[in-house]
Amino acid sequence: MTSQPNPFAPHWLIRDIVISSHKPAVGPGGLLFIGDSLVEGFYWNRIGALPLLNAGYSGIWTEALEPRVPLLLQSAEPSIAMLLVGTNDAKKDCTDGALDGAMEHFERIVGHFSDAQVPVVVLTPPPIEQAKRLTSFYSLDAIASLSRRIVQIADGRVADIVDLQRAFADDNGTAREGMTTDGIHLSAKAYRLLHDMLETTIAAVTARSEGR
(Lines give C-alpha, C1' and ligand atoms only; values in the text may rest on other atoms or scores of the structure.)
Protein backbone atom coordinates (compact mmCIF):
# COMPACT_ATOMS: atom_id res chain seq x y z
CA MET A 1 0.00 0.00 0.00
CA THR A 2 3.04 2.29 -0.21
CA SER A 3 1.87 3.77 -3.51
CA GLN A 4 -1.44 5.11 -2.22
CA PRO A 5 -1.71 8.85 -1.56
CA ASN A 6 -1.67 9.89 2.06
CA PRO A 7 -4.23 12.60 2.82
CA PHE A 8 -3.81 11.86 6.53
CA ALA A 9 -0.19 13.06 6.85
CA PRO A 10 -1.09 16.49 8.33
CA HIS A 11 -3.37 14.85 10.88
CA TRP A 12 -0.70 12.32 11.83
CA LEU A 13 1.75 15.17 12.44
CA ILE A 14 -0.76 16.79 14.79
CA ARG A 15 -1.29 13.46 16.52
CA ASP A 16 2.48 13.09 17.03
CA ILE A 17 2.48 16.47 18.76
CA VAL A 18 -0.55 15.64 20.92
CA ILE A 19 0.82 12.23 21.90
CA SER A 20 4.17 13.76 22.86
CA SER A 21 2.42 16.36 25.00
CA HIS A 22 0.49 13.64 26.85
CA LYS A 23 3.50 11.42 27.61
CA PRO A 24 4.61 13.35 30.74
CA ALA A 25 1.11 13.03 32.24
CA VAL A 26 1.11 9.26 31.76
CA GLY A 27 4.77 8.72 32.60
CA PRO A 28 6.79 5.51 32.30
CA GLY A 29 5.03 2.31 33.29
CA GLY A 30 1.65 3.26 31.88
CA LEU A 31 -0.55 1.64 29.26
CA LEU A 32 0.13 2.42 25.59
CA PHE A 33 -2.75 1.98 23.10
CA ILE A 34 -1.50 2.03 19.49
CA GLY A 35 -3.60 1.89 16.33
CA ASP A 36 -5.93 3.64 13.92
CA SER A 37 -9.06 5.80 14.29
CA LEU A 38 -10.75 3.15 16.42
CA VAL A 39 -8.01 3.76 18.97
CA GLU A 40 -7.98 7.52 18.52
CA GLY A 41 -11.70 7.54 19.34
CA PHE A 42 -11.18 5.64 22.62
CA TYR A 43 -11.94 8.38 25.13
CA TRP A 44 -10.81 6.90 28.47
CA ASN A 45 -7.49 8.07 29.90
CA ARG A 46 -6.96 5.04 32.10
CA ILE A 47 -7.86 1.38 32.35
CA GLY A 48 -8.04 0.11 35.89
CA ALA A 49 -5.13 1.63 37.81
CA LEU A 50 -3.04 2.26 34.70
CA PRO A 51 -2.95 5.68 33.01
CA LEU A 52 -3.41 5.36 29.26
CA LEU A 53 -1.48 7.03 26.45
CA ASN A 54 -3.66 7.09 23.32
CA ALA A 55 -1.48 6.69 20.23
CA GLY A 56 -4.27 6.35 17.69
CA TYR A 57 -3.84 7.71 14.16
CA SER A 58 -6.99 8.09 12.07
CA GLY A 59 -6.65 6.53 8.63
CA ILE A 60 -3.43 4.67 9.34
CA TRP A 61 -2.81 1.26 7.81
CA THR A 62 -0.45 -1.46 9.02
CA GLU A 63 2.54 -0.61 6.84
CA ALA A 64 2.39 3.07 7.84
CA LEU A 65 2.05 2.25 11.54
CA GLU A 66 4.93 -0.23 11.69
CA PRO A 67 7.86 2.25 11.82
CA ARG A 68 6.10 4.33 14.47
CA VAL A 69 5.78 1.45 16.95
CA PRO A 70 9.42 1.15 18.12
CA LEU A 71 9.65 4.93 18.48
CA LEU A 72 6.50 5.00 20.62
CA LEU A 73 7.73 2.11 22.76
CA GLN A 74 11.09 3.79 23.31
CA SER A 75 9.68 7.18 24.24
CA ALA A 76 6.60 6.11 26.25
CA GLU A 77 8.27 3.25 28.20
CA PRO A 78 4.94 1.47 28.88
CA SER A 79 4.53 -1.52 31.17
CA ILE A 80 1.78 -2.94 28.93
CA ALA A 81 0.56 -2.07 25.44
CA MET A 82 -2.51 -2.69 23.29
CA LEU A 83 -2.64 -2.84 19.50
CA LEU A 84 -5.58 -2.40 17.11
CA VAL A 85 -4.78 -1.97 13.41
CA GLY A 86 -5.87 -3.45 10.10
CA THR A 87 -9.25 -1.93 9.33
CA ASN A 88 -7.77 0.39 6.71
CA ASP A 89 -6.02 -2.53 5.01
CA ALA A 90 -9.40 -4.13 4.26
CA LYS A 91 -10.83 -1.58 1.87
CA LYS A 92 -13.16 -2.65 -0.95
CA ASP A 93 -11.40 -4.47 -3.83
CA CYS A 94 -8.24 -5.11 -1.81
CA THR A 95 -6.35 -8.17 -3.04
CA ASP A 96 -5.04 -11.23 -1.22
CA GLY A 97 -1.55 -9.99 -2.04
CA ALA A 98 -2.24 -6.68 -0.32
CA LEU A 99 -3.49 -8.51 2.77
CA ASP A 100 -0.39 -10.72 2.71
CA GLY A 101 1.76 -7.59 2.68
CA ALA A 102 -0.19 -6.03 5.54
CA MET A 103 0.29 -9.17 7.63
CA GLU A 104 4.04 -9.13 7.01
CA HIS A 105 4.10 -5.65 8.56
CA PHE A 106 1.81 -6.80 11.36
CA GLU A 107 4.22 -9.61 12.19
CA ARG A 108 7.05 -7.07 12.36
CA ILE A 109 4.95 -4.93 14.71
CA VAL A 110 4.46 -7.89 17.04
CA GLY A 111 8.23 -8.38 16.92
CA HIS A 112 8.80 -4.78 18.02
CA PHE A 113 6.88 -5.43 21.24
CA SER A 114 8.90 -8.60 21.86
CA ASP A 115 12.16 -6.74 21.24
CA ALA A 116 11.12 -4.05 23.74
CA GLN A 117 9.98 -6.73 26.22
CA VAL A 118 6.60 -5.05 26.52
CA PRO A 119 3.61 -7.41 26.82
CA VAL A 120 0.96 -6.51 24.26
CA VAL A 121 -2.74 -7.24 23.99
CA VAL A 122 -3.76 -7.56 20.33
CA LEU A 123 -7.26 -6.64 19.19
CA THR A 124 -8.75 -7.71 15.88
CA PRO A 125 -10.63 -5.12 13.82
CA PRO A 126 -14.37 -5.27 14.54
CA PRO A 127 -16.83 -6.39 11.87
CA ILE A 128 -18.54 -4.01 9.45
CA GLU A 129 -22.11 -2.91 10.11
CA GLN A 130 -24.36 -3.09 7.06
CA ALA A 131 -26.29 -0.24 5.41
CA LYS A 132 -24.27 2.59 6.92
CA ARG A 133 -22.45 5.54 5.36
CA LEU A 134 -19.02 3.90 5.11
CA THR A 135 -20.10 0.27 4.69
CA SER A 136 -19.47 0.16 0.94
CA PHE A 137 -15.87 1.38 1.28
CA TYR A 138 -14.77 -1.76 3.12
CA SER A 139 -14.77 -5.49 2.35
CA LEU A 140 -16.58 -7.73 4.83
CA ASP A 141 -14.67 -10.79 3.60
CA ALA A 142 -11.31 -9.03 3.68
CA ILE A 143 -11.72 -7.73 7.22
CA ALA A 144 -12.82 -11.18 8.42
CA SER A 145 -9.84 -12.81 6.69
CA LEU A 146 -7.46 -10.21 8.08
CA SER A 147 -8.79 -10.76 11.60
CA ARG A 148 -8.26 -14.51 11.32
CA ARG A 149 -4.69 -13.93 10.17
CA ILE A 150 -4.05 -11.52 13.04
CA VAL A 151 -5.16 -14.16 15.54
CA GLN A 152 -2.92 -16.77 13.88
CA ILE A 153 0.12 -14.47 14.01
CA ALA A 154 -0.53 -13.27 17.56
CA ASP A 155 -1.41 -16.63 19.12
CA GLY A 156 1.32 -17.67 21.52
CA ARG A 157 3.36 -14.51 20.91
CA VAL A 158 1.34 -11.86 22.75
CA ALA A 159 -0.01 -11.40 26.27
CA ASP A 160 -3.64 -11.81 25.16
CA ILE A 161 -6.00 -11.46 22.19
CA VAL A 162 -9.33 -9.61 22.18
CA ASP A 163 -11.25 -10.82 19.13
CA LEU A 164 -13.63 -7.98 18.34
CA GLN A 165 -14.55 -9.67 15.06
CA ARG A 166 -16.35 -12.32 17.12
CA ALA A 167 -17.37 -10.22 20.10
CA PHE A 168 -19.27 -7.60 18.06
CA ALA A 169 -20.66 -9.80 15.27
CA ASP A 170 -24.14 -11.15 14.65
CA ASP A 171 -24.90 -14.62 13.28
CA ASN A 172 -24.07 -13.43 9.74
CA GLY A 173 -20.61 -12.12 10.64
CA THR A 174 -21.57 -8.45 10.35
CA ALA A 175 -21.58 -6.04 13.27
CA ARG A 176 -24.66 -6.11 15.45
CA GLU A 177 -27.04 -3.22 14.92
CA GLY A 178 -25.95 -0.08 16.73
CA MET A 179 -22.31 -1.10 17.20
CA THR A 180 -21.03 1.58 14.82
CA THR A 181 -21.89 5.14 13.86
CA ASP A 182 -21.12 4.78 10.16
CA GLY A 183 -20.43 1.10 9.47
CA ILE A 184 -16.82 1.21 10.72
CA HIS A 185 -16.31 3.60 13.65
CA LEU A 186 -17.58 2.39 17.00
CA SER A 187 -20.63 3.81 18.72
CA ALA A 188 -20.60 4.95 22.34
CA LYS A 189 -22.27 1.66 23.28
CA ALA A 190 -19.54 -0.34 21.54
CA TYR A 191 -16.80 1.72 23.14
CA ARG A 192 -18.26 1.05 26.59
CA LEU A 193 -18.27 -2.68 25.82
CA LEU A 194 -14.71 -2.42 24.55
CA HIS A 195 -13.59 -0.59 27.68
CA ASP A 196 -15.07 -3.29 29.91
CA MET A 197 -13.42 -6.05 27.85
CA LEU A 198 -10.06 -4.32 28.01
CA GLU A 199 -10.35 -3.65 31.73
CA THR A 200 -10.90 -7.38 32.36
CA THR A 201 -8.11 -8.37 29.99
CA ILE A 202 -5.53 -5.91 31.33
CA ALA A 203 -6.32 -6.97 34.91
CA ALA A 204 -5.70 -10.60 33.96
CA VAL A 205 -2.46 -9.78 32.13
CA THR A 206 -1.22 -7.70 35.08
CA ALA A 207 -2.07 -10.47 37.55
CA ARG A 208 -0.17 -13.04 35.47
CA SER A 209 2.88 -10.79 35.19
CA GLU A 210 2.87 -10.29 38.97
CA GLY A 211 2.46 -14.02 39.57
CA ARG A 212 -0.89 -13.69 41.31
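Each value, and the rule that gives it
- Residue indices follow the written sequence of each chain, beginning from 1 at its first position.
- With pLDDT at 70 or above as the cut-off, local features in this predicted model cover only qualifying residues; side-chain atom pairs require 80 or more to be listed or tallied, and sums for whole chains, interfaces and linings still use all residues.
- Here the side-chain values reflect all heavy atoms present in the structure, with hydrogen atoms and water set aside.
- At least two bridges found by DSSP between two strands are what make those strands a pair.
- In this text, helices come from DSSP runs of H or I with a minimum length of four residues, and strands from runs of E with a minimum of two, each type numbered from the N-terminal end.
- Put plainly, a pocket is an open set of points on a 1 Å grid over the protein atoms alone with protein on both sides within 12 Å along at least five of seven lines, a cavity is a set where a 1.4 Å probe fits but cannot get out, and a lining residue has an atom within 4 Å of a point.
- Grid points are joined across faces, edges and corners, and a volume is the space filled by probe spheres set on the points.
- Residue polarity is assigned by list, with Asp, Glu, Lys and Arg as charged and Ala, Val, Leu, Ile, Met, Phe, Trp, Tyr, Cys and Pro as nonpolar; anything else, Gly included, falls into the polar class.
- Only the six-membered ring of Trp is used, alongside the rings of Phe and Tyr, when aromatic pairs are assigned; centres must lie within 6.5 Å, and planes under 30 degrees apart are stacked while those over 60 apart are edge-to-face, with the rest tilted.
- Working rule: Lys NZ or Arg CZ, within 6 Å of ring centre, within 35 degrees of ring normal, means a charge sits over the ring.
- Remark: exposure states derive from per-residue accessible area (1.4 Å probe, protein chains only) relative to the maximum for the residue type, with buried under 20%, exposed over 50%, and partly exposed in between.
- Salt-bridge detection follows one rule: a side-chain nitrogen of Lys or Arg within 4 Å of a carboxyl oxygen of Asp or Glu.

A.B. asks: I'd like a rundown of the sheet that holds strand E2 (residues 46–47), residues and numbers included.
C.D. replies: Sheet architecture is open: six strands sit in the order E2-E3-E1-E4-E5-E6, paired in mixed fashion. In this open sheet, the two edge strands, each paired with only one partner strand, are E2 and strand E6 (160–162). Alignment of strand E1 (residues 31–35) against strand E4 (residues 80–84), held across five bridges, turns out to be parallel. Directly across from Ile34, in E4, lies its bridge partner Leu83.

A.B. asks: Kindly report on empty space enclosed by the protein, identifying the contributing residues and their values.
C.D. replies: One way to see where empty space is left: roll a probe the size of a water molecule over the atoms. Summed over all chains, the structure comprises one cavity of 30 Å³ or more. Here the largest cavity is characterised by a volume of approximately 30 Å³. Around the largest cavity, the lining residues are Leu38, Thr87, Pro126, Pro127, Ile128, Ile143, Gly183 and Ile184. Tallied by class, the residues present in the lining of the largest cavity amount to six nonpolar, two polar and no charged.

A.B. asks: Summarise the packing of aromatic side chains; cite the residues concerned and give the values.
C.D. replies: Tallied over the full model, the rule gives seven aromatic pairs. Over the ring of Tyr57 we find Arg68; its NZ or CZ atom is 4.7 Å from the centre of that ring.

A.B. asks: Can you lay out the pairing of strand E3 (residues 50–56) for me, pointing to particular residues and giving the numbers?
C.D. replies: Burial analysis of E3 places six of its seven residues in the buried class, the great majority of the element. Bridging between E1 and E3 involves five bridges; their strand directions are parallel. What sits directly across from Phe33, in E3, is Asn54. Where E2 and E3 come together, two bridges link them in antiparallel fashion. The partner of Arg46 across the bridge, within E3, is Pro51. Taking the residues between adjacent antiparallel strands as the criterion, E2 and E3 are bridged by two residues, where Gly48 takes a positive phi near 60 degrees.

A.B. asks: Give a description of the pattern of salt bridges that names residues and reports values.
C.D. replies: A full pass over the atoms with the stated rule returns seven salt bridges. With a shortest N-O distance of 3.8 Å, Glu40 and Arg15 are connected by a salt bridge. Of the two residues, Glu40 is situated in helix H2 (residues 37–40) and Arg15 in helix H1 (residues 9–26); the sequence distance between them amounts to 25 residues. A relative accessible area of 23% means that Glu40 is categorised as partly exposed. Close ionic contact of Arg208 with Asp160 constitutes a salt bridge, the shortest N to O distance being 3.7 Å. Residue Arg208 is found in helix H8 (residues 188–209), and its partner Asp160 is found in strand E6; the two are separated by 48 residues along the sequence.

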